[in-house]
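Examination of the molecular architecture
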Amino acid sequence: MEALLGKTPQELQEIALRLGLPAFAGKQMARWLYVRRAVSTDEMTDISKAGREKLASECIVGALEPTTTLTSSDGTEKYLFDVEATRDGAMGGIEAVMIPDGDRNTLCVSSQAGCRMGCKFCMTGRQGFHGHLTAAEILAQILYADRIHPLSNVVFMGMGEPLDNWAQVRKVIDVLTAPWGLAWSPKRITLSTIGVLPKLKEFLDGTRCHLAVSLHNPFPAERVQLMPVEKAWSVLEVVRLLKQYDFTGQRRVSFEYTMFAGWNDSPAHADALLRLLRGLECRVNLIRFHQIPDFPYTTSSEKVMTAFRDRLSEGGVTCTIRASRGEDILAACGMLAGQKK
């Protein structure tokens, strides 16, 4: 069955014509999907009953309901969705995390089941790659969460590397920002990447969304120890590309820096980071490492993190220590694994 979510009005019109429905049924479907948030073709009542029956014979909306919802002591919620991929059999679970903060609700959304990047400190990367999510499967996470807790922001920071699935992620961004879709400002969307250079340029040129780069170490020879992607796309090349773009206005770029005791938290690392980012308007977010099984490093102490932050701030780079959320339900950074609880 073909999912309707993620499709443009033009694509929906093509489906309508193929099924013998009038061309304007494409716009009707788009309105039901993205404005009225229908979860079933039966709800599309301005399409004739016969038309709805034809539609239901070949298509589904593609909405998802979580099989499990976990709530953290800090209010963070984690949703586990089961996603079936007919090309590979069952892909198993994917997870999305809703983070409340005052009047803001941010959804951390997954773009893949598993991940191919292989970062050694990330539970998602350590489970391997199980498949790309479709635009429908990504959007379904967003629409479900938005129905439960109206969202202020979406961050592509869940399971997977968004730029490794750029074709589908781009479709989702188009739906979120298009006047016929959810009509969001691109400022409500942030994409996080380890630095997939060819697709990163497409993202920068083709959208106005915010960017977060998973950096974690300014020295390539050290970064490659935990992030194999450094062999293909060096952090030096990533930053060189970013310096060609203007981030002095409303669009922001930030760097995610997970702190590991004795590995990347020295004054020398802070100084190297300052040299690397010199001339780029940006922010650095320091993240406490959340311990995972069979990994040798632990998180840096509060004292070391504070000194690291202050050294960056004194050097002219805006730096904050990001609060951990949802660690008690395995919903914090690097802990998503799509496991049934």
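Above: the structure in question.
Residues numbered from 1 in each chain as written. Predicted model: local features only at pLDDT ≥ 70, side-chain atom pairs only at ≥ 80, totals over all residues. Heavy atoms only, no water.

Things to note about the overall build of the protein
Tallying secondary structure elements over the protein gives eleven helices and 14 strands in all. Relative to the 2.2 N^0.38 estimate, which gives 20 Å for 341 residues, the radius of gyration of the protein is 21 Å and therefore close to what a compact globule would have. Over its C-alpha atoms, taken along the principal directions, the protein stretches across nearly 70 × 45 × 40 Å. For the protein, the proportion of its 341 residues judged to be buried stands at 53%. Excluding contacts between residues fewer than 6 apart, the proportion of contacts in the protein whose partners are at least 24 apart in sequence is 66%. Accessible surface, the protein as shown: approximately 14600 Å² in total, 52% of it carbon and sulfur. Each charge class in the protein was averaged separately, 40 positive and 38 negative side chains, and the resulting centres sit 4 Å apart. (Helix = DSSP H or I, 4+ residues; strand = E, 2+ residues; numbered from the N terminus. Rg over C-alpha atoms; globule rule 2.2 N^0.38 Å. Buried < 20%, exposed > 50% of the residue type's maximum accessible area, 1.4 Å probe, protein only. Contact = heavy atoms within 4.5 Å. Areas by Shrake-Rupley, 256 points an atom, 1.4 Å probe, with all protein chains shown as cover. Lys, Arg positive; Asp, Glu negative; His and termini not counted. Charge placed at Lys NZ, Arg CZ, Asp CG, Glu CD.)

Remarks on helix α3 (residues 49–58)
The set of residues buried in α3 consists of G51, R52 and L55. Considered in projection along α3, the buried side chains sweep an arc of 100 degrees and stay on one side of the axis. Residues of α3 that are buried make contact with α1 (9–18), α2 (25–34) and β2 (59–60). (Arc of directions from axis to C-beta.)

What about unusual backbone geometry?
Even without being glycine, R37 reaches a positive phi, approximately 60 degrees. Its place among the elements puts R37 in the loop between α2 and α3. Phi angles above zero are rare outside glycine, and H216 is one such case at about 70 degrees. On the secondary structure map, H216 appears in the loop between β11 (210–214) and α8 (220–226). Residue H216 is classed as buried on the basis of its relative accessible area, which comes to 5%.

Description of the pattern of salt bridges
When the charged atoms of two side chains with opposite charge come close together, those side chains can pair. This structure, assessed with the given rule, holds 16 salt bridges. A salt bridge links R147 to E65, with the shortest nitrogen-to-oxygen separation between them at 2.6 Å. Taken together, the residues span a long stretch of sequence, with R147 in helix α5 (residues 135–148) and E65 in the loop between β2 and β3 (68–71) at a distance of 82 residues. One salt bridge in this structure joins K199 and E202, with 3.5 Å as the shortest N-O distance. With K199 and E202 both in helix α7 (residues 197–206) and three residues apart, this pair spans about one turn of that helix. (Salt bridge = Lys/Arg side-chain N within 4 Å of Asp/Glu carboxyl O.)

Examining the packing of helix α6 (residues 166–177) against α7
Remark: α6 packs on α7, axes separated minimally by 11 Å, with the N-to-C direction vectors making an angle of 15 degrees. Taken together, the axes of α6 and α7 lie roughly parallel to each other. Crossing hand, α6 versus α7: right-handed. Residue-level inspection shows W166, R170 and I173 of α6 in contact with α7, the latter providing K199, E202, F203 and G206. Here the contact of α6 with α7 is composed, by residue class, of three nonpolar, one polar and three charged. (Axes fitted to C-alpha atoms, helices over the stretch in contact; angles between N-to-C directions. Parallel < 35°, antiparallel > 145°, perpendicular 65-115°, else oblique. Left-handed = near helix turned anticlockwise from the far one by under 90°. Nonpolar A, V, L, I, M, F, W, Y, C, P; charged D, E, K, R; others polar.)

Some details on a positive patch on the surface
Together, R240, K243, R275 and R278 line one region of the surface with positive charge. For R240, the location among the structural elements is in helix α9 (residues 235–242). (Patch = residues over 30% accessible without salt bridge, like charges linked within 9 Å, V, L, I, M, F, W, Y side chains within 5 Å.)

So, the pairing of strand β10 (residues 189–193)
Extensive coverage of β10 is indicated by the burial of five of its five residues. Burial along β10 is two-sided: the face carrying I189, L191 and T193 and the face carrying T190 and S192 are both buried. As judged from the three bridges shared by strand β9 (residues 153–156) and β10, these two strands associate in the parallel manner. Opposite F156, over in β10, you have L191 as the bridge partner. The handedness of the β9 to β10 crossover, carried by α6, is right-handed. (Pairing = 2+ DSSP bridges. Right-handed = clockwise from strand over helix to strand, strands pointing away.)

Observations regarding the packing of aromatic side chains
The final tally for this structure, using the stated rule, is 14 aromatic pairs. Plain terms: the ring middles of F260 and F289 are 4.8 Å apart, the flat faces sit at 45 degrees to each other, and that makes the pair tilted. Separated by 29 residues along the polypeptide, F260 in the loop between β12 (253–259) and α10 (267–277) and F289 in the loop between β13 (283–288) and α11 (302–314) bring together distant segments of the chain. Neither F260 nor F289 differs from the other in exposure class; each is buried. Every member of this aromatic cluster is reached through a ring pair, and the members are F121, F260, W263, F289, F295 and Y297. Seen from the ring of F129, R116 lies directly overhead, with NZ or CZ sitting 4.9 Å from the centre. Seen from the ring of F203, R251 lies directly overhead, with NZ or CZ sitting 5.4 Å from the centre. (Phe/Tyr/Trp six-rings, centres within 6.5 Å; stacked < 30°, edge-to-face > 60°. Lys NZ or Arg CZ within 6 Å of the ring centre and 35° of its normal.)

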